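Spelled out, the chains give:
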Amino acid sequence: MNFNNYSPENYFDEYFLENNIPRKEASLLVKTINSLDEGDLKKRQEASEVSIRNMGITFKLNDNIDHERTIPFDIIPRVISGKEWDPVEKGLAQRIKAINLFIDDIYNDQEIIKDNLIPSEIIKSSKGYRSECEGLKPPNKVWAHVTGTDIIRNNDGTFYVLEDNLCVPSGVSYALINRQLMKRNFPEVFQRSNVRQIIDYPDKFVKTLNELSPVDKSYSTTAILTPGRYNSAYFEHAFLAQQMGAMLVEGQDLVYDGKYVCARTVKGLQRIDVIYRRIDDTFLDPDVFNPLSMLGCSGLIKAYKENKITIANAPGTGVADDKVIYSFIPKIIKYYLGEEPILKNVPTKLCWNNDDLEYTLDNLKELVVKPASECGGYGILIGPNSTSDEINKFSKLLKKNPRNYISQPTLKFSRVPVLINNNFEGRHVDLRPFILYSGSNCHVLPGGLTRVALKEGSLVVNSSQGGGTKDTWIADI
Amino acid sequence: MLGRVADNIFWLSRYIERVSNTARLIEASSYLNLDFKINHEEQWVPLIEISGNLNEFKNNYDCCSRDEVLHWLIYNENYQDSLRSCLIKARDLAASLREYLSVEIFQEINNLLSLVPKKHFNQVPSYHYIFEICEGVKRSNMLISGIMIKNMERGIGFNFWGIGEFLERSDNTSRLLNVNYFYLLPEVEYIGTSVEDLQWSAILQSIDAREAYYRRFSIIDAKNIIKMIINDESFPRSIYFCLISAKKCIFEITQNQLSSPYLKLNLLCEDLKNISSEKIIESGLHEFIDNLQIKINDINLDIFQTFCDPRHY
């Protein structure tokens, strides 16, 4: 099995240059794969799949059937050279710092609105904006302790940020497990490629949270708040709890004793100092948000306001998940840090704006149009891959609610070889690195979760719509 | 440890133990019945009666032969304590204990469930497959216990697992003693060994006590068997031994503070230690067992109320 018949075609291929010569960072891998015995690679792939099944690493599809499936994993790793990654890392750190300053500002003094950089209506109409959070001052002014920023490479290899996920970003557990699988199934190449390690991520996460705890870090208690085992990402909640030594709690396990939020343990009430919550803002506290929520704890926000507990990520952080606000991030970076953004945004048009709306409607066939606040890849129109019927329907949606949409040129994402049956074929990928921020420290996970659009020609990478994953190597070769 | 998690561990341990004991009972009965040339209904019905579900059983089937009884005990999801029902509940609990249990236990429980796929009563397998199921279940149970003992740190979780396992075992073992009570002797008496003796021997076999018993007493004698099963201090499946072990686990959890379930268990152990098998037979083995089960059940409830009940706070 070899790459002789593999072609990058017209895309930026992360393994091969246009003339089919392997890139420097991928050449060791290509050489090794080409020299493997017939069927060897397939065996390693299958061994990985068995491990995944045995570990019970599943993801629930959000349909009505109680259906768990394993996320398809592809054994060919994605490789990025350390030299190319370093500016991305700096760019991500810069971005998260600015976003945190932005969120703190709009819930407090609102200087950026007063200086007319962003209209107040855009912020107030963001689905994640919480008026209940106005005036709040979380420890170190950190609102987004952990962020998952989605990045792609265009056909000239430039990295672009596709979106920031600040509310409850998920996927790091798959990245950590994929790394484990690669060490087990491809150890020889792994070692010689000098890959940057990610194994200390849980540890770094604990340290980040401890820095912002209301009590001394040596006895701070962290809990992970999960909606429970029927949530699609439950595996990750349990995995992280285990890796971080945190208590895995559900709303029913928590109680507010008038001063602190506590967990009901066998020996009585135990105080929780930091809560890493994997539920949406609206479910956190029935006294403040949705009164029907059974997933949260009454009194949690009261304790939070009194600085008796730290909530990561802070409620209200989801305001910056909005894709309209995304388009302002370059301006936000310049405003708060006085710096040019290191990482580029994809050029974005706001349909809220009449000229942009007109342009978008006229060019639907070439554009990607996204709703401001959906996740999972739903509600997106990918112009070049759509029928005229789909385009007509979408155009009606757009006219009905223009504030809700942004449009971007269809980028030809980079591709990486994937093992399809017994051949190598190129598939589009994106990348989700995770960024930990404590105000004084910022840690960017080297690499992150590579998501693959497994369907030929598809650009949709989300696991809920059939995407798969790969391990990501930042290689200092 | 969260009260909810402790409760889940307690129940998971109980279901795993329950499943193993049901398999043992089925296996021993199956071997015994192979020695009786005629397949009497009366031979199988006691297995239902010891759990007190005879009416429920009769609502599900037209008759009580081997196939119906085995289907009920192994596959029927209408019966809450069938192997399949218990394992479905166990898998559910194990899934909610992901962050706590080692992955091998999780895998083994999935494996257990795959031993008893859904089946209709006229698809009940032959003796050969039934024996394979029982052996598989026993082996899985040993493996899970072994993983717990070798890998689990001796904290609250380990001790809740222990309480569940030991209390369940003492309850299940007591039900075994009742089999003879419900067993109607067939008209033809076996020449040589009495049917009752064979029945006792089967009970000993099902709790792996047969060899241990013969090492101590050379012939089957109801008094000695009752003594061994109820208040023996060194045989690990004796009811007394299980209750003392459960008591120790509770003590570990509360760390020397005396709790209500501990005190109740202590009392029960004292009673068992001092009673003689003659006394038990005199006042009626069946009544003795019923009383014992009521006390064990009360202790189970007390454990929930003391450690796990959310209304406590």
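The shown structure was predicted, so the numbers you read here are calculated from the model rather than taken from an experiment. (Residues numbered from 1 in each chain as written. Chains lettered and ligands numbered in written order. Predicted model: local features only at pLDDT ≥ 70, side-chain atom pairs only at ≥ 80, totals over all residues.)

Participant: Please give an account of the overall build of chain B that cites residues and values.
Facilitator: Secondary structure summary: chain B contains 15 helices and zero strands in total. Relative to its length of 313 residues, chain B is compact, with a C-alpha radius of gyration of 20 Å against a globular reference of 20 Å. Here chain B holds 313 residues, and the buried ones make up 43% of them. Summarising the internal contacts of chain B: among those between residues at least 6 apart in sequence, 70% fall at separations of at least 24. (Helix = DSSP H or I, 4+ residues; strand = E, 2+ residues; numbered from the N terminus. Rg over C-alpha atoms; globule rule 2.2 N^0.38 Å. Buried ≥ 20, exposed ≤ 12 C-beta atoms within 10 Å, placed from the backbone. Contact = placed C-beta atoms within 7 Å.)

Participant: Any chance you could break down the overall build of chain A for me, citing the residues and the numbers?
Facilitator: The secondary structure content of chain A amounts to 14 helices and 23 strands. Taking 23 Å as the expected radius of gyration for a compact globule of 477 residues, we find that chain A reaches 23 Å, a close match to that expectation. Summarising its shape, the C-alpha atoms of chain A cover approximately 70 × 60 × 45 Å along the three principal directions. Restricting to contacts in chain A with at least 6 residues of sequence separation, those with at least 24 account for 69%.

Participant: An account of the environment of Ser126(B) is needed here, citing residue identities and associated values.
Facilitator: Within the element layout of this structure, Ser126(B) appears in the loop between helix H6 (103-115) and helix H7 (127-151). A sequence separation of 59 residues divides Ser126(B) from Asp67(B), and the C-alpha atoms of the two residues are 9.2 Å apart.

Participant: Any details on the interface of chain A and chain B? Residues and values, ideally.
Facilitator: Counting from both sides, the interface comprises 18 residues of chain A and, opposite them, 17 residues of chain B. At the level of secondary structure, the elements contributing two or more residues to the side of chain A that touches chain B comprise helix H2 (40-55), helix H9 (234-244), strand S7 (247-249) and strand S9 (261-265) of chain A. Along the lines of polarity and charge, the residues of the side of chain A that touches chain B split into 10 nonpolar, five polar and three charged. (Nonpolar A, V, L, I, M, F, W, Y, C, P; charged D, E, K, R; others polar.)

Participant: Now, about the packing of helix H5 (residues 83-96) of chain B against H6(B): what can you tell me, with residues and values included?
Facilitator: When two helices pack together, their arrangement is captured by the angle between the axes and the distance separating the axes. Residues and elements named next belong to chain B. Interaxial distance between H5 and H6 falls to 9 Å at its minimum, and their mutual angle equals 160°. As far as their axial angle goes, H6 and H5 are roughly antiparallel. H5 and H6 meet at a crossing whose hand is left-handed. Contacts between H5 and H6 involve Leu 87, Ile 88, Ala 90, Arg 91 and Ala 94 from the former and Ile 105, Phe 106, Ile 109, Asn 110, Leu 112 and Leu 113 from the latter. The residue makeup of the contact of H5 with H6, split by class, is nine nonpolar, one polar and one charged. (Axes fitted to C-alpha atoms, helices over the stretch in contact; angles between N-to-C directions. Parallel < 35°, antiparallel > 145°, perpendicular 65-115°, else oblique. Left-handed = near helix turned anticlockwise from the far one by under 90°.)

Participant: Now, about the sheet that holds S9(A): what can you tell me, with residues and values included?
Facilitator: All names here are of chain A. The antiparallel open sheet is built from three strands, whose spatial order is S8-S9-S10. If you trace the sheet from one side to the other, it starts and ends with strand S8 (254-256) and strand S10 (268-271), each paired once. Direction aside, the axes of adjacent strands within the sheet are offset by 45° on average. Where S9 meets S10, four bridges bridge the pair, whose relative direction is antiparallel. Pairing of Thr 265 across the sheet is with Gly 268, part of S10. (Pairing = 2+ DSSP bridges.)

Participant: I'd like a rundown of the pairing of strand S20 (residues 434-437) of chain A, residues and numbers included.
Facilitator: Residues and elements named next belong to chain A. The alternating pattern of S20 places Phe 434 and Leu 436 on one face and Ile 435 and Tyr 437 on the opposite face, and all of these are buried. Pairing of strand S4 (residues 146-153) with S20 involves three bridges; the strand directions are antiparallel. Residue pairing for S20: Val 146 is matched across the bridge by Leu 436. Examined bridge by bridge, S20 and strand S21 (residues 442-444) share three bridges and lie antiparallel to one another. Within S21, the position partnered with Leu 436 by the bridge is His 443. Between the antiparallel neighbours S20 and S21 lie four residues, among them Gly 439 with a positive phi of about 95°.

Participant: An account of the environment of Ser220(A) is needed here, citing residue identities and associated values.
Facilitator: Residue and element names in this part refer to chain A. Structurally, Ser 220 can be placed in the loop between helix H8 (201-211) and strand S6 (222-225). We classify Ser 220 as partly exposed; it has 19 C-beta atoms within 10 Å. Taking C-alpha positions, Ser 220 is 26 Å from Gly 318, a pair spaced 98 residues apart along the chain. Those residues in contact with Ser 220 that sit more than four places away from it in its chain are Asn 210, Ser 213, Val 215, Asp 273 and Val 274.

Participant: Go over the sheet that holds strand S15 (residues 367-371) of chain A, please, and point to the residues and values.
Facilitator: Within the open sheet, the four strands sit side by side as S14-S17-S15-S16 (chain A). Their pairing is antiparallel. With partners counted over all chains shown, the strands left at the sheet margins are strand S14 (349-350) and strand S16 (381-382) of chain A, one partner each.

Participant: Provide a residue-level description of the pairing of strand S22 (residues 449-452) of chain A, including the pertinent values.
Facilitator: All names here are of chain A. Residues Leu 449 and Arg 451 point to one face of S22 and Thr 450 and Val 452 to the other, with burial holding for every one of them. Inspection of the sheet shows strand S19 (residues 423-432) paired to S22 by four bridges, in the antiparallel sense. Bridging from a neighbouring strand, Leu 431 pairs with Thr 450 of S22. Relative to strand S23 (residues 468-475), S22 is paired through three bridges, and the arrangement is antiparallel. Within S23, the residue paired with Thr 450 across the bridge is Lys 470.

Participant: Help me get a handle on helix H13 (residues 260-274) of chain B, residues and values and all.
Facilitator: Note that an α-helix has 3.6 residues per turn; residues three or four places apart therefore point the same way. Residue and element names in this part refer to chain B. Across its 15 residues, H13 extends 22 Å between first and last C-alpha, which sits within 8% of the 21 Å expected from 1.5 Å per residue. Buried within H13 we find Pro 261, Tyr 262, Leu 265, Leu 268 and Leu 272. In an axial view of H13, the angular spread of the buried residues amounts to 130°, which keeps them on one side of the axis. Turned more than 90 degrees off the buried face of H13, the exposed positions are Leu 267, Glu 270 and Asn 274. Those residues of H13 that are buried are in contact with helix H11 (222-231), helix H12 (239-254) and helix H15 (285-308). (Expected span 1.5 Å × (residues − 1). Arc of directions from axis to C-beta.)

Participant: Got a sec to walk through the confidence of the model for chain B? Specific residues and values, please.
Facilitator: Residue and element names in this part refer to chain B. Per-chain confidence: chain B averages 88 in pLDDT, with 93% of residues scoring 70 or above. When pLDDT is averaged over each helix and strand of chain B, the minimum, 81, is found for helix H2 (residues 41-49) and the maximum, 95, for H12. Across residues 186-192, confidence stays below pLDDT 50; counting only partners more than four residues off in sequence or on other chains, it has six contacts. (pLDDT = per-residue confidence, 0-100.)

Participant: Which residues make up unusual backbone geometry, and what values go with them?
Facilitator: Residues and elements named next belong to chain A. Geometrically, the link from Ala 312 to Asn 313 is a cis peptide bond, its omega value of -15° lying close to zero. Relative to the helices and strands, Asn 313 resides in the loop between strand S12 (310-312) and helix H11 (323-326). A positive phi angle, near 60°, is found at Gln 110, a position not held by glycine. With respect to the helices and strands, the residue Gln 110 is situated in the loop between helix H3 (82-106) and helix H4 (111-114). For Lys 141, which is not glycine, the phi dihedral falls at a positive 55°. Along the chain, the position of Lys 141 falls in the loop between helix H5 (120-124) and S4. Overall, Lys 141 belongs to the partly exposed group, with 14 C-beta atoms counted inside 10 Å.

Participant: Please give an account of H7(B) that cites residues and values.
Facilitator: Residue and element names in this part refer to chain B. In a regular helix each residue adds 1.5 Å, so 25 residues correspond to 36 Å; H7 covers 36 Å between its end C-alpha atoms and thus fits that length. If you check which residues of H7 are buried, you get Cys 134, Val 137, Ser 140, Asn 141 and Ile 144. Buried residues belonging to H7 abut helix H1 (3-35) and H6.

Participant: Account for the environment of Ser27(A), with residues named and values stated.
Facilitator: All names here are of chain A. As for its placement among the helices and strands, Ser 27 is situated in helix H1 (residues 24-35). When the 15 C-beta atoms within 10 Å are taken as the criterion, Ser 27 is described as partly exposed. Along the backbone, Ser 27 and Ile 311 are 284 residues apart, and their C-alpha atoms lie at a distance of 45 Å.

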